[in-house]
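The residues making up each chain are set out below.
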Amino acid sequence: SQELEQSPQSLIVQEGKNLTINCTSSKTLYGLYWYKQKYGEGLIFLMMLQKGGEEKSHEKITAKLDEKKQQSSLHITASQPSHAGIYLCGASLRRGGKLIFGQGTELSVKP
Amino acid sequence: DTEVTQTPKHLVMGMTNKKSLKCEQHMGHRAMYWYKQKAKKPPELMFVYSYEKLSINESVPSRFSPECPNSSLLNLHLHALQPEDSALYLCASSQGVARANTGELFFGEGSRLTVL
């Protein structure tokens, strides 16, 4: 099974609607990172969260890391077609460990 | 310059061919990575170079041979590949391996490889 589980696997929303993507680990997260990928292209680094309870925002995207550091959520407010793509969470599951990725959430935004 | 440049963008090769994928960065990063990504799957780490030395090989078959000629360049030499090796190959870099563990990786656009 995946060490990092993302939900939902895919999401279709109407432009202007809010949405949330979750990333859950069975182990303590030593850093949680969100990336965005357009189909067949490279990954774009969005945000990094390291402390339990931490919350960061960039434009209309907000990410949170829960207090127990085992789950993160990515929230997009007033979605736009430019938000469409695959959102991947990445994490180190031990100190100094390699970065692993969740299976991704494919987001489509209907105009 | 905050780019990681990969060439070629697309490559089609036969199982008996020898080809190479190239990656270049000019951000002064000292760690470089190769990832493999199959369709609708997350990227999987293949190799890590730190200060031009191979530091991690994730049990990758020997038909994939990485090379780091200098701190800005990373190559992946391909020989006798199988059709199941068809995938998007992503190169990434970070200021150091420790910074990679902070997730601050910069990725290239990828090289899409098709093995016939």
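Rules and cut-offs
- Residues numbered from 1 in each chain as written.
- Chains lettered and ligands numbered in written order.
- Predicted model: local features only at pLDDT ≥ 70, side-chain atom pairs only at ≥ 80, totals over all residues.
- Heavy atoms only, no water.
- Helix = DSSP H or I, 4+ residues; strand = E, 2+ residues; numbered from the N terminus.
- Rg over C-alpha atoms; globule rule 2.2 N^0.38 Å.
- Buried < 20%, exposed > 50% of the residue type's maximum accessible area, 1.4 Å probe, protein only.
- Contact = heavy atoms within 4.5 Å.
- Buried area = accessible area lost by both parts, 1.4 Å probe.
- Salt bridge = Lys/Arg side-chain N within 4 Å of Asp/Glu carboxyl O.
- Polar contact = N/O pair within 3.5 Å; in protein donor to acceptor, adjacent residues only side chain to side chain.
- Nonpolar A, V, L, I, M, F, W, Y, C, P; charged D, E, K, R; others polar.

Caption draft 1: Representation of the overall build of chain B in the model. Helix and strand counts for chain B come out as 1 helix and 11 strands. A globule of 116 residues ought to have a C-alpha radius of gyration of about 13 Å, and chain B, at 13 Å, matches this closely. Referenced to the eigenvectors of the C-alpha coordinate spread, the extents of chain B come out at roughly 35 × 30 × 25 Å. Sorting the 116 residues of chain B into buried and exposed places 47% on the buried side.

Caption draft 2: Main features of the interface of chain A and chain B. Taken together, the contact pairs 21 residues of chain A with 18 residues of chain B. Between chain A and chain B the total buried area reaches about 1600 Å² when both faces are included, carbon and sulfur atoms providing 52% of it. When the area that chain A buries against chain B is broken down by residue, the three leading residues are Leu43, Lys98 and Phe101 of chain A, summing to 28%. Inspection of the region where chain A meets chain B yields 1 salt bridge. The closest approach of N and O atoms between glutamate 106 of chain A and lysine 40 of chain B, which form a salt bridge, is 3.6 Å. Between the two partners, chain A and chain B, sit 3 residue pairs in polar contact (both at pLDDT 80 or more). Taken together, the elements giving at least two residues each to the side of chain A that touches chain B come down to strand 4 (32-37) and strand 5 (43-49) of chain A. For the side of chain A that touches chain B, the class distribution of residues is 9 nonpolar, 9 polar and 3 charged.

Caption draft 3: Representation of the pattern of salt bridges within the structure. Applying the stated rule across the entire model yields 7 salt bridges over all chains. A salt bridge links glutamate 54 of chain A to lysine 56 of chain A, with the shortest nitrogen-to-oxygen separation between them at 3.7 Å. Residues joined by salt bridges that share partners form a network here, namely Lys36, Arg63 and Asp85 of chain B.

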